[in-house]
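The chain contents come next:
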Amino acid sequence: MPIAIALHGGAGTILRSEMSPDKESRYTSALRIALEAAYHCLSKQGAALDAVEIAVKSLEDCSLFNAGKGSVFTADGTHEMDASIMDGRDRTAGAVSLVTGIKNPIHLARLVMEQSDHVLLAGAGAMKFALKMQCEMKDEAYFYDEYRYQQWQSIKDTDGFQLDHSAQNKKTPKNLGTVGAVACDIHGNIAAATSTGGMTNKRWGRIGDSSIIGAGTYANNRTCAVSCTGSGEYFLRGVVAYDVSCLMEYKNLSLQDAATKVV
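Parameters and conventions
Residues numbered from 1 in each chain as written. Predicted model: local features only at pLDDT ≥ 70, side-chain atom pairs only at ≥ 80, totals over all residues. Heavy atoms only, no water. 1 Å grid on protein atoms, 1.4 Å probe; cavity = no way out; pocket = protein on both sides within 12 Å on 5 of 7 lines; lining within 4 Å. Points joined across faces, edges and corners; volume = space filled by probe spheres on them. Helix = DSSP H or I, 4+ residues; strand = E, 2+ residues; numbered from the N terminus. Nonpolar A, V, L, I, M, F, W, Y, C, P; charged D, E, K, R; others polar. Axes fitted to C-alpha atoms, helices over the stretch in contact; angles between N-to-C directions. Parallel < 35°, antiparallel > 145°, perpendicular 65-115°, else oblique. Contact = heavy atoms within 4.5 Å. Buried < 20%, exposed > 50% of the residue type's maximum accessible area, 1.4 Å probe, protein only. Pairing = 2+ DSSP bridges.

Peer 1: Mind showing me how you'd approach the layout of surface pockets here?
Peer 2: Gaps between atoms show up when a probe of the same size as a water molecule is rolled over them. Its volume calculated, the largest pocket comes out at about 370 Å³. Those elements that provide at least two residues to the lining of the largest pocket are β1 (4–8), β5 (179–184), β8 (225–227), α7 (232–238), α8 (240–251) and α9 (255–262). The residue makeup of the lining of the largest pocket, split by class, is 14 nonpolar, three polar and one charged. Empty space within the second largest pocket amounts to approximately 170 Å³.

Peer 1: In this structure, what is going on with the packing of helix α3 (residues 105–115) against helix α4 (residues 123–132)? I would like to understand it.
Peer 2: Axis angle and axis distance: for two packed helices, these are the angle between their axes and the distance between the axes, and together they describe the pair. Direction vectors running N to C along α3 and α4 enclose 80°, while the axes themselves pass 11 Å from each other. The angle between the axes of α3 and α4 places the two elements in the roughly perpendicular class. On α4, the residues touching L108, L111, V112 and Q115 of α3 are A126, F129 and A130. Classifying every residue of the contact of α3 with α4 by side-chain character gives six nonpolar, one polar and no charged.

Peer 1: What exactly am I supposed to notice about the pairing of strand β3 (residues 92–99) here?
Peer 2: Within a regular strand, the side chains alternate between the two sheet faces. Of all the eight residues making up β3, seven are buried; the element is thus mostly covered by neighbouring parts of the structure. Here strand β2 (residues 81–87) runs beside β3; their pairing, made up of six bridges, is antiparallel. From the neighbouring strand, A83 faces β3, where its bridge partner is V96. In this antiparallel pair of consecutive strands, β2 and β3, the connection spans four residues, and R91 shows a positive phi of 60°. With three bridges connecting them, β3 and strand β4 (residues 120–122) associate as parallel partners.

Now the structure itself:
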């Protein structure tokens, strides 16, 4: 069985006029590092589940992406992160939402899957679980990024919010957003993982699709593995990740045809 890994650094287009050679090099380098680390895992007969966690953790550790270290600011000036992971072998899954100070939310999501009887934990409860699991924590300074801060300042104290790649903010080159990965291991097992810092200036405990199994993340050995990025509300309403899998399973569509139809 051939191995495979695919990852994304978020939706959106960075215009060539706004992309310096140095910035482009930083993005491609960060993506390559994540890709190669995950592929190395698979090449050593590692599990798809391990590979997607490795890829997403690498991107969470890079401030260029809206996940983990690079998470955007909420309306309260904090960072609230969401993540989920799913194993295509038996469709077990774990997810967390509205967590703060967690270095790698995707790892916490996996712990929810493997060390609890639940699928999704959020807010204070998720944080209590993280402490019990001795997850690595970071202080606010770790998550501070000047670009993210200025991005928030441009719409602070308004009713507006924006995706990390929104064209509303023209002051600086756009960064990418939600990160994710899908993989297939040597045994034919597949997995998916997604992580995000959400929307800049988000309020009221807003939760997007990234922590919702079936909306932003899904994996089933019988069909496909999906990790979404974009405007979460659309993915939630359409149950998009599962919809792709569903069309493949029940209508025998190809992956491309199913994805095209859903989009």
